[in-house]
Amino acid sequence: MPKILVFQHVAHEILGTLTPLLKQSGMRIRFVNFDRTPEEQPTIEKYHGLVVLGGWMGVYESDRYSHIKTECHLIEEALKKEIPILGICFGAQLLAHTLGSNVRRHTHKEVGWQKVQFFSSAKEDKIFSHFQKEEILFQMHGDTFDIPSNSVQLASSELCSSQAFRYGEKVYGLQFHLETDAAKIERFLNDPESREDAERFAGVSAIEAIEKDST
C-alpha cells in the first residue's frame, strides 16, 4: 500500500480536504509533528509522497527551529528520488528555499479568504485545469518567495505574486491553503492556542472577519 509522509508544524494545520482524497486513493498517511518533537529525524525511505504543511515560523529561522534544516534535507532527498511533493504555505516556502529561491518577510500579511488569479499555465496543469481564472482561497501568511528557476508559475494574487508553482511534473508549492474546509476553519477558530497565535499574527479584527466570511 502506498505511503505518504506529512510534516506538521501546528496542531490546527491538518490535511483537511486532502485526507479523504488520499484515503480514497488507498494511501496510508504518517504524520511527523515537529511542533511536538522538533528533534525527530524521519526518513523518506519506503514513502511514495511527501506533504509539508504550514506553520508560523519562517524559513530563515533555522537557528530557532532546528527541524527546518531537517526538513530541507529531506525535501532535497525527495527531489532527487523524484518523489511527489506538495508544499503548502510554510511548506511551499521550504520547497522554494530548497530549490534555491529567496524566501523573505513580505511587505503585507495576506489573511483570510482572498482572490487568487490563475494563469493560462494552470489550464494545462493536471491538478488545476478545472479551476476558474479567479478563485477565492484561504490565506494566512506574512512571508513570500521567488518562483524557483525552471518552475512553472500557476497563480498570483494582488498582495502576493507567488501563489503557486509546479516544478517538474510531480512537485507543487502552494502559498494558499487549498486544503482548507469548514471543519478545519472551525477547529482553528475554536482552539484557544491556535486562535491566540492567529490573533497575535493578524489581529483580532482579521480573525473576526474569517469567522464572518466562513459562515
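Our structure's up above, just so we're on the same page.
Here's a quick rundown of the structure. (Residues numbered from 1 in each chain as written. Predicted model: local features only at pLDDT ≥ 70, side-chain atom pairs only at ≥ 80, totals over all residues. Heavy atoms only, no water.)

**A look at the overall build of the protein chain**
- Check the secondary structure of the protein chain and you find seven helices and nine strands.
- Here the protein chain has a C-alpha radius of gyration of 16 Å; the compact-globule value for 215 residues is 17 Å, and the two agree.
- Expressed as lengths along the three principal axes of its C-alpha atoms, the size of the protein chain is roughly 45 × 40 × 35 Å.
- Nonlocal contacts in the protein chain, meaning residues at least 24 apart in sequence, comprise 69% of its contacts between residues at least 6 apart.
- Surface accessibility of the protein chain: about 10800 Å² in total, with carbon and sulfur atoms responsible for 49%.
- In the protein chain, 24 positive and 31 negative side-chain charges are present, and the distance between their average locations comes to 5 Å. (Helix = DSSP H or I, 4+ residues; strand = E, 2+ residues; numbered from the N terminus. Rg over C-alpha atoms; globule rule 2.2 N^0.38 Å. Contact = heavy atoms within 4.5 Å. Areas by Shrake-Rupley, 256 points an atom, 1.4 Å probe, with all protein chains shown as cover. Lys, Arg positive; Asp, Glu negative; His and termini not counted. Charge placed at Lys NZ, Arg CZ, Asp CG, Glu CD.)

**A look at the pattern of salt bridges**
- Counted according to the given criterion, the structure contains eleven salt bridges.
- A salt bridge links Glu13 to Lys184, with the nearest nitrogen and oxygen atoms 3.1 Å apart. Of this pair, Glu13 sits in the loop between strand E1 (3-8) and helix H1 (18-24) while Lys184 sits in helix H5 (residues 182-190), and the two are 171 residues apart along the sequence. Both residues of the pair, Glu13 and Lys184, belong to the buried class.
- Two residues, Asp146 and Arg104, come together in a salt bridge whose shortest N-O distance is 3.1 Å. Of the two residues, Asp146 sits in the loop between strand E6 (134-145) and strand E7 (151-156) while Arg104 sits in strand E5 (residues 103-118), which places them 42 residues apart along the sequence.
- Here Asp146 falls in the partly exposed class, since its relative accessible area comes to 32%.
- Assessed through its relative accessible area of 32%, Arg104 is described here as partly exposed.
- Shared partners join several salt bridges into a network, and the residues in it are Glu13, Glu179 and Lys184. (Salt bridge = Lys/Arg side-chain N within 4 Å of Asp/Glu carboxyl O. Buried < 20%, exposed > 50% of the residue type's maximum accessible area, 1.4 Å probe, protein only.)

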